[in-house]
Amino acid sequence: DCYTKTSTSLESFETPLDPSLASVQKKLETLKEKLSDSLCRELDRPALGRSIVRETVDLLLKLGENDKGRTKYLEHWSLTLRREFRNLRVEGSTELFVKKLSIKLFTVLKTTTIEYANLFHDIVSKSAFITWVNAEMQQFCAIFSRQVFDSKTNSFASVADCVGVVQSRAAMVQHVGLDIDFLFWVFIQQRCCESIKDAGETCVTSIANVLVVDTFNTLTFGGKSARKDFLTTLTHAHIEHPLDLLEGMKAVLFHSSVVFCSELHEFVSAASKLFNHTTATVIIKQLQRIFVLFLQKIIRVFDGQEKFVDNVNFVLDTVLKNTISTFEGLYGGRIDELHMLSRDLLRMWEKAQSEDGISHI
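Everything in this summary refers to the structure shown in the same document. Not measured: the values here are computed from a predicted model.

A few words now on the packing of helix α4 (residues 66-87) against helix α5 (residues 94-119). Contact pair α4 / α5: the axes reach a minimum separation of 10 Å and the direction vectors enclose 170 degrees. What the angle tells us is that α4 and α5 run roughly antiparallel. Contacts from R70, Y73, L74, W77, L81, E84 and F85 of α4 reach α5 at L101, K104, L105, V108, T112, E115, Y116 and L119. Per-class residue counts for the contact of α4 with α5 are 10 nonpolar, one polar and four charged.

Right, dumping it as structure tokens:
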């Protein structure tokens, strides 16, 4: 306060100042520098309360040190986040760790956004804050990627769940004007696409290994539990009235159809959580590979029996249609590529039936 009052009084004098006043001004500038350095050192201390940080920065602003105040304020919270992240233990599930990591980040971002807007009002400061948020998100995503994408123990479902955790926590800062969800996707979209491709490849490989001739036998249930498990699979695949479907097809469903439905459901459940305009093309391409593979395998062993027709109808009329419905619901409109896939598969099947009919003549 003494510095501010004295400085204001000196500004009221005409320049050039009297030598005695000039001497006072020089001493005042020296005092300002010492005060500024002392306040900056205070902000370098770890574990300062938020109120102390705010008051210290406010004193820097009263000294006219806007640049220093802004820089030290943002540096302080960067160091705080680094310390909080380092102290997090990697224990339990990956989802739990990501949840804790997200809470740390978004709690600081939320409060800091509000506080920063009250302290700094100029355009330069607003630009600096955007740059700071970008840098903190990069740091967060680097840790996220190491724990989620780089870990070989995480399943595709776990990856999708971890992304969902961050997206849900990002809502904490939406009402203060930060679109973190968009920024998060910018940094992880490539890794997400890679995970989708890997999961699609795994699904295709798994289905290919199961789709062998001896699995094209009629499905028989070993007991109530096996029947119940398959009904659960159908329900999870969003198939309406699974019991009615099963009662009508229990004599003709192949074991391979059951496995296909289960493997596809696992892929779709996780992929749907990562579905957006960026990942749509990658997901659709994997779906095309999965369905084409199934139909190609069926066609290779098709011998004209009605049970093959029933199984293909089950996959094309029930499973594929529900898959299309799931992703179009997320997309908010028609996905032409999936309908084109449906038409292509139907033509493939019709051609196979026609050729088989000719071969039997």
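This brings us to the side chain of S78. In this fold, S78 is placed in helix α4. One polar contact links S78 to E136, side chain to side chain, over a distance of 2.7 Å. Apart from residues lying up to four places away in sequence, S78 is in contact with W132 and E136.

The next subject is helix α8 (residues 180-210). If you check α8, its first and last C-alpha atoms are 42 Å apart, about what 31 residues at 1.5 Å a residue would give, namely 45 Å. The sharpest bend along α8 reaches about 60 degrees and sits at I188.

The next subject is the nonpolar core. Of all hydrophobic cores here, the largest spans 97 residues; its most connected members are F140, F144 and F267. A total of 12 residues in this core trace back to one element, the largest contributor, which is α8. Apart from the residues within four sequence positions on either side, F144 is in contact with V98, L101, F149, C162, V163, V166, F184 and I188.

Quick look at the pattern of salt bridges now. Applying the stated rule across the entire model yields 15 salt bridges. K68 is paired through a salt bridge with D37; the nearest N and O atoms lie 3.7 Å apart. Separated by 31 residues along the polypeptide, K68 in helix α4 and D37 in helix α2 (residues 19-44) bring together distant segments of the chain. K68 gets classed as partly exposed once you look at its relative accessible area, which sits at 32%. When its relative accessible area of 31% is taken as the criterion, D37 is described as partly exposed. A salt bridge links R334 to D336, with the nearest nitrogen and oxygen atoms 2.9 Å apart. Exposure remark for D336: the relative accessible area of 45% places this residue in the partly exposed category. A single network of salt bridges, built from pairs that share partners, joins D44, K72 and E75.

Under the definition given, this model contains 18 aromatic pairs. Between F260 and F294 the ring centres are 4.5 Å apart and the planes differ by 40 degrees, which places this aromatic pair in the tilted class. Here F260 is found in helix α11 (residues 255-271), whereas its partner F294 is found in helix α12 (residues 280-301), with 34 residues between them in sequence. For F294, a relative accessible area of 2% puts it in the buried group.

Turning our eyes to something else, we now look at the environment of L74. On the secondary structure map, L74 appears in helix α4. Once you skip the residues sitting within four places of it in the chain, L74 turns out to touch Y116, A128, F129 and W132.

Cut-offs used in this document
- Residues numbered from 1 in each chain as written.
- Predicted model: local features only at pLDDT ≥ 70, side-chain atom pairs only at ≥ 80, totals over all residues.
- Heavy atoms only, no water.
- Axes fitted to C-alpha atoms, helices over the stretch in contact; angles between N-to-C directions.
- Helix = DSSP H or I, 4+ residues; strand = E, 2+ residues; numbered from the N terminus.
- Parallel < 35°, antiparallel > 145°, perpendicular 65-115°, else oblique.
- Contact = heavy atoms within 4.5 Å.
- Nonpolar A, V, L, I, M, F, W, Y, C, P; charged D, E, K, R; others polar.
- Polar contact = N/O pair within 3.5 Å; in protein donor to acceptor, adjacent residues only side chain to side chain.
- Expected span 1.5 Å × (residues − 1).
- Bend = angle between axes of the 7 residues up to and from the residue.
- Core = buried A, V, L, I, M, F, W, Y, C linked by side-chain atoms within 4.5 Å.
- Buried < 20%, exposed > 50% of the residue type's maximum accessible area, 1.4 Å probe, protein only.
- Salt bridge = Lys/Arg side-chain N within 4 Å of Asp/Glu carboxyl O.
- Phe/Tyr/Trp six-rings, centres within 6.5 Å; stacked < 30°, edge-to-face > 60°.

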